[in-house]
Amino acid sequence: MSTDRSAAAFDLDGAWELDSRVSIRPERFGALLYHFGTRRLSFLKSRTMLAAVQALTDHPSARAACAGAGVTQAELPRYRAALAALAASDMIHPRSV
């Protein structure tokens, strides 16, 4: 599956959460995420992306978490792609509501 297709398939209106085995280390550029189960490392390239990821459990949807973090409508496709990549690497997963 291509990255564009994966991003388009990511459900922005679904409820998401950070996997409980993921540790976040904030950095000046954004953050490092480390998954203790898969031993994968991911980089968040902005503080806004970090805020959106940290807000996932506080909002009914990924779209609402992005909006709460200050992501504009024009920026949303880029953030959707980043969230899709995090989902593909098991850093985040759908949340039961």
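Residues numbered from 1 in each chain as written. Predicted model: local features only at pLDDT ≥ 70, side-chain atom pairs only at ≥ 80, totals over all residues. Heavy atoms only, no water.

Visitor: Can you walk me through the layout of surface pockets in this structure?
Guide: In this model, the largest pocket occupies a volume close to 330 Å³. Together, Ser-42, Phe-43, Leu-44, Lys-45, Ser-46, Met-49, Arg-78, Tyr-79, Ala-82, Ala-85, Leu-86 and Ser-89 line the largest pocket. Those elements that provide at least two residues to the lining of the largest pocket are β4 (41–44) and α4 (76–88). For the lining of the largest pocket, the element with the most residues is α4, which contributes 5 residues. Taken together, the residues of the lining of the largest pocket break down into 7 nonpolar, 3 polar and 2 charged. (1 Å grid on protein atoms, 1.4 Å probe; cavity = no way out; pocket = protein on both sides within 12 Å on 5 of 7 lines; lining within 4 Å. Points joined across faces, edges and corners; volume = space filled by probe spheres on them. Helix = DSSP H or I, 4+ residues; strand = E, 2+ residues; numbered from the N terminus. Nonpolar A, V, L, I, M, F, W, Y, C, P; charged D, E, K, R; others polar.)

Visitor: What's the story with the sheet that holds β4 in this structure? I'm lost.
Guide: Note on sheets: strands pair through backbone hydrogen bonds, and any given pair is parallel or antiparallel. Strand order in the open sheet made by the 3 strands is β2-β3-β4, with antiparallel pairing throughout. Looking at which strands have only one partner, the edges of the open sheet turn out to be β2 (22–27) and β4. Neighbour-to-neighbour, the strand axes of the sheet open up by a mean angle of 20°, direction not taken into account. Bridging between strand β3 (residues 30–35) and β4 involves 4 bridges; their strand directions are antiparallel. Its bridge partner lying in β4, Ala-31 is registered against Leu-44. (Pairing = 2+ DSSP bridges. Axes fitted to C-alpha atoms, helices over the stretch in contact; angles between N-to-C directions.)

Visitor: I'm lost on the nonpolar core in this one. Help?
Guide: Nonpolar side chains in soluble globular proteins tend to end up buried together. In this structure, Phe-10, Leu-44, Leu-83, Leu-86 and Ile-92 are the most contacted members of the largest nonpolar core, which totals 26 residues. Elements with a minimum of two residues in this core: β3, α2 (47–54), α3 (62–68) and α4. It is α4 that provides the largest number of residues to this core, a total of 6 residues. Ile-92 has contacts with Phe-10, Trp-16, Glu-17, Leu-18, Asp-19, Leu-56, Leu-83, Leu-86 and Ala-87, leaving out every residue within four places of it along the chain. (Core = buried A, V, L, I, M, F, W, Y, C linked by side-chain atoms within 4.5 Å. Buried < 20%, exposed > 50% of the residue type's maximum accessible area, 1.4 Å probe, protein only. Contact = heavy atoms within 4.5 Å.)

Visitor: Explanation requested: a nonpolar patch on the surface in the structure shown.
Guide: Together, Phe-29, Leu-41 and Phe-43 make up a nonpolar patch on the protein surface, roughly 310 Å² of accessible area in all. Checked against the element boundaries, Phe-43 lands in strand β4. (Patch = residues over 30% accessible without salt bridge, like charges linked within 9 Å, V, L, I, M, F, W, Y side chains within 5 Å. Areas by Shrake-Rupley, 256 points an atom, 1.4 Å probe, with all protein chains shown as cover. Salt bridge = Lys/Arg side-chain N within 4 Å of Asp/Glu carboxyl O.)

Visitor: Please clarify how α2 should be interpreted in this entry.
Guide: The periodicity of an α-helix, 3.6 residues per turn, causes residues three or four places apart in sequence to face the same way. Those residues of α2 that sit buried are Met-49, Leu-50, Ala-52 and Val-53. For α2, the buried positions fall inside an angular range of 160° around the axis, keeping them on one side. (Arc of directions from axis to C-beta.)

Visitor: Explanation requested: the confidence of the model for the protein chain in the structure shown.
Guide: Reading fine detail from the predicted coordinates is not recommended where pLDDT is low. With 91% of its residues at a pLDDT of 70 or more, the protein chain shows a mean pLDDT of 92. When pLDDT is averaged over each element of the protein chain, α3 comes out on top at 98 and helix α1 (residues 3–9) at the bottom at 60. (pLDDT = per-residue confidence, 0-100.)

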